[in-house]
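The chain contents come next:
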Amino acid sequence: QVKLVESGGGLVQPGGSLKLSCTASGPIAEINTMAWYRQTPENQRGLVASIDKSGGANYADSVKGRFTISRDNAGNTGYLQMNRLKPDDTAVYYCFVNGRDGNFWTPTDYWGQGIQVTVSS
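Description of the structure in this document. (Residues numbered from 1 in each chain as written. Predicted model: local features only at pLDDT ≥ 70, side-chain atom pairs only at ≥ 80, totals over all residues. Heavy atoms only, no water.)

**Some remarks on the pattern of salt bridges**
Line of reasoning, step 1. Summed over the entire model, instances satisfying the criterion amount to five salt bridges.
Line of reasoning, step 2. The shortest N-O distance in the salt bridge between Glu 30 and Lys 53 comes to 3.4 Å. Placement of the pair is Glu 30 in strand 4 (residues 28-39) and Lys 53 in the loop between strand 5 (46-51) and strand 6 (57-59), with a sequence separation of 23 residues.
Line of reasoning, step 3. Using a relative accessible area of 46% as the deciding quantity, one classes Lys 53 as partly exposed.
Line of reasoning, step 4. Salt bridges sharing partners connect three or more residues here, namely Glu 30, Lys 53 and Arg 100. (Salt bridge = Lys/Arg side-chain N within 4 Å of Asp/Glu carboxyl O. Helix = DSSP H or I, 4+ residues; strand = E, 2+ residues; numbered from the N terminus. Buried < 20%, exposed > 50% of the residue type's maximum accessible area, 1.4 Å probe, protein only.)

**A short note on the packing of aromatic side chains**
Line of reasoning, step 1. The full count for this structure, using the stated rule, is three aromatic pairs.
Line of reasoning, step 2. Three or more aromatic residues joined by ring pairs form one cluster here, namely Tyr 37, Phe 96 and Trp 111.
Line of reasoning, step 3. Here the basic side chain of Lys 19 rests over the ring of Tyr 79, its NZ or CZ set 4.7 Å away from the ring centre.
Line of reasoning, step 4. The lysine or arginine in question, Arg 45, covers the ring of Tyr 94, its NZ or CZ lying 3.6 Å from the ring centre. (Phe/Tyr/Trp six-rings, centres within 6.5 Å; stacked < 30°, edge-to-face > 60°. Lys NZ or Arg CZ within 6 Å of the ring centre and 35° of its normal.)

**Thoughts on the nonpolar core**
Line of reasoning, step 1. Of all hydrophobic cores here, the largest spans 29 residues; its most connected members are Leu 20, Trp 36, Val 48, Phe 67, Leu 80, Met 82 and Tyr 93.
Line of reasoning, step 2. When residues of this core are traced back to their parent elements, those giving at least two are strand 3 (18-25), strand 4, strand 5, strand 7 (67-72), strand 8 (77-82), strand 9 (91-101) and strand 11 (115-119).
Line of reasoning, step 3. Among all residues touching Leu 80, those that are not within four sequence positions of it are Leu 18, Lys 19, Leu 20, Trp 36, Val 48, Ala 49, Phe 67, Thr 68, Ile 69 and Tyr 93. (Core = buried A, V, L, I, M, F, W, Y, C linked by side-chain atoms within 4.5 Å. Contact = heavy atoms within 4.5 Å.)

**Comments concerning the pairing of strand 4**
Line of reasoning, step 1. Bridge count between strand 4 and strand 9: ten bridges; the pairing is antiparallel. What sits directly across from Thr 33, in strand 9, is Asn 98.
Line of reasoning, step 2. Relative to strand 5, strand 4 runs antiparallel, the two sharing five bridges. Each residue of the ladder has a partner; that of Met 34, found in strand 5, is Ile 51.
Line of reasoning, step 3. The turn joining strand 4 and strand 5, which pair antiparallel and follow one another in sequence, is formed by six residues. (Pairing = 2+ DSSP bridges.)

Listed below in structure tokens is the structure:
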């Protein structure tokens, strides 16, 4: 069974940095899109950044110039480098992968369990 494991969250002061990681484990045969979403109690889950197989990336306007998404295809791992963090970035961050389990022919969407990022002084 394919699982996504996130790490790297925590508490950071405004202006600080964090780097989130997401590793796909299990019989993952290929990964198409990797992405990060975030959700607060007041808001719906929204896209932060995404990256395709060739490395093409998209960002939410609120994080452009501060966050960088990347991926290590060999290690089935995605990253989100978050710089110049603001209190408004406080949320639960979720890793998303569209990929194919080696036991099946078609790709599926997978979600991580979520990781808390808190930006506060």
